[in-house]
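What the coordinates show
What follows is the residue order along each chain.
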Amino acid sequence: LFALFCIVLLAPSAVLSGRKTIPVIKDAVFSLERNYSDFTSLPEVTLHNKGRTGKTFELFSTLTDTDGKVIRSARTRLSAPAGGKTTAVPFPGESKIRGQVVLFRTDVRGTDGSTHLSGIFGESKPVPRNSANVFGMNVHTSWFDPDVQWELLRMLKAAGLTTVREDTSFRDPEDKKGI
């Protein structure tokens, strides 16, 4: 019952957050380049500059653990010439997250505005058979920013759920477009 209460409290924030943020600042489009076969690999941030002049942005990146504590932070510059593309490694020298799951977030700031990118990375722990409880649930949040997904999963954990499956392949049979 408490888990349902937590979900009801989260629903308004999910609606206010809306669907995924489009990381664009005027003519600059940002993306996370990630290895989809290895979620322990940290991403790179790519800038596609579609403008007619060069662009420079500052990246403020953090890794947050499941308790909400920022465990690493870094500051990086990202520049691309007019019509160019460039990639930055937000955490140089650190390429993998082992033994834990983290929220990766990069705030991008430039003279024309700001945006952010985020993702969930790391290595989940197997749930031993004797610690899995009957209060597990399927969670389908793939159309929201990872920031919103992260908060939902933290609320479910606080409610006592030890088993959460986020399966994006499960869809409503009436949903023909997969959204």
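In case you missed it, the structure is sitting above this.
Now for a quick tour of the structure. (Residues numbered from 1 in each chain as written. Predicted model: local features only at pLDDT ≥ 70, side-chain atom pairs only at ≥ 80, totals over all residues. Heavy atoms only, no water.)

1. Looking at the overall build of the chain
Filter applied, for reference: The way it works is that DSSP assigns letters per residue, a run of H or I at least four long becomes a helix, a run of E at least two long becomes a strand, and they are numbered from the N terminus. Under the scheme applied here, a residue whose accessible area is under 20% of the maximum for its type counts as buried, over 50% as exposed, and between as partly exposed, the area being computed with a 1.4 Å probe on protein chains only. A contact between two residues is defined here by any heavy atoms of the two lying within 4.5 Å. Computed with the Shrake-Rupley method and a 1.4 Å probe, the accessible areas treat only the protein chains shown as cover for residues.
Within the chain one finds two helices and 10 strands. Relative to its 179 residues, the chain shows a buried fraction of 32%. Partitioning the intrachain contacts of the chain with sequence separation of at least 6 by distance along the chain shows that 64% fall at a separation of at least 24. Only carbon and sulfur atoms are counted for the fraction: they give 55% of the accessible area of the chain, which is about 11,000 Å².

2. Focus on the environment of Arg105
Counted only if it meets this: The term polar contact refers here to a pair of N or O atoms within 3.5 Å; inside protein, the definition further demands a hydrogen-donor-capable atom paired with an acceptor-capable atom, and it admits residues adjacent in sequence only when both atoms are side-chain atoms.
Secondary-structure assignment places Arg105 in strand S7 (residues 101–110). For Arg105 and Ile120, which are 15 residues apart along the polypeptide, the C-alpha to C-alpha distance reads 8.8 Å. When neighbours within four sequence positions are excluded, Arg105 is seen to be in contact with Phe60, Ser61, Thr62, His116, Leu117, Ser118 and Asp147. There is a polar contact of 3.5 Å between the side chain of Arg105 and the side chain of His116.

3. Comments concerning the sheet that holds strand S2 (residues 28–33)
The line we're drawing: Any two strands between which DSSP finds at least two bridges are classified as paired.
Read from one edge to the other, the open sheet built from four strands follows the order S1-S2-S3-S6, with strand pairing classed as antiparallel. The outermost strands of the open sheet, each flanked by one partner alone, are strand S1 (24–25) and strand S6 (85–88). Pairing between strand S3 (residues 44–49) and S6: four bridges, direction antiparallel. For His48, the partnering residue across the bridge sits in S6 and is Lys85.

4. Comments concerning the pairing of strand S5 (residues 70–80)
Of the pairings in the sheet, the one linking strand S4 (residues 55–64) to S5 comprises 10 bridges and is antiparallel in character. Its bridge partner lying in S5, Thr64 is registered against Val70.

5. Details of the pattern of salt bridges
Our working definition: The salt bridge definition used is simple: a Lys or Arg side-chain nitrogen within 4 Å of an Asp or Glu carboxyl oxygen.
Enumeration over the complete set of coordinates arrives at eight salt bridges. Taking the shortest distance from any N to any O, the salt bridge between Asp38 and Lys96 comes out at 2.3 Å. Within this pair, whereas Asp38 is found in the loop between S2 and S3, its partner Lys96 is found in the loop between S6 and S7, the two being separated by 58 residues in sequence. Given the relative accessible area of 35%, Lys96 is considered partly exposed. Each of Arg105, Asp107 and Asp147 takes part in salt bridges that share partners, so that together they form one network.

6. Examining the environment of Lys69
Along the chain, the position of Lys69 falls in the loop between S4 and S5. Overall, the relative accessible area of 55% leaves Lys69 in the exposed class. Sequence-wise, Lys69 and Val102 are 33 residues apart; in three dimensions their C-alpha atoms are separated by 9.8 Å. Setting aside chain neighbours within four positions, we find Lys69 in contact with Leu63 and Thr64.

7. Describing the sheet that holds S5
Heads up, the condition is: Fitted lines through C-alpha atoms give the axes, limited to the stretch in contact for helices. The angle between two N-to-C directions lies from 0 to 180 degrees.
Strand order across the open sheet formed by four strands is S5-S4-S7-S8, with antiparallel pairing between neighbours. Here the strands that pair on one side only, and so sit at the sheet edges, are S5 and strand S8 (113–122). The average angle at which neighbouring strand axes cross in this sheet is 20°, direction not considered. With 10 bridges joining them, S7 and S8 adopt antiparallel strand pairing. Among the inter-strand pairings, Val101 is bridged to a residue of S8, identified as Gly122. Sheet strands touched by helix H2 (residues 146–158): S4, S7 and S8. Its angle to S8, the strand with the most contacts, is close to 50°.

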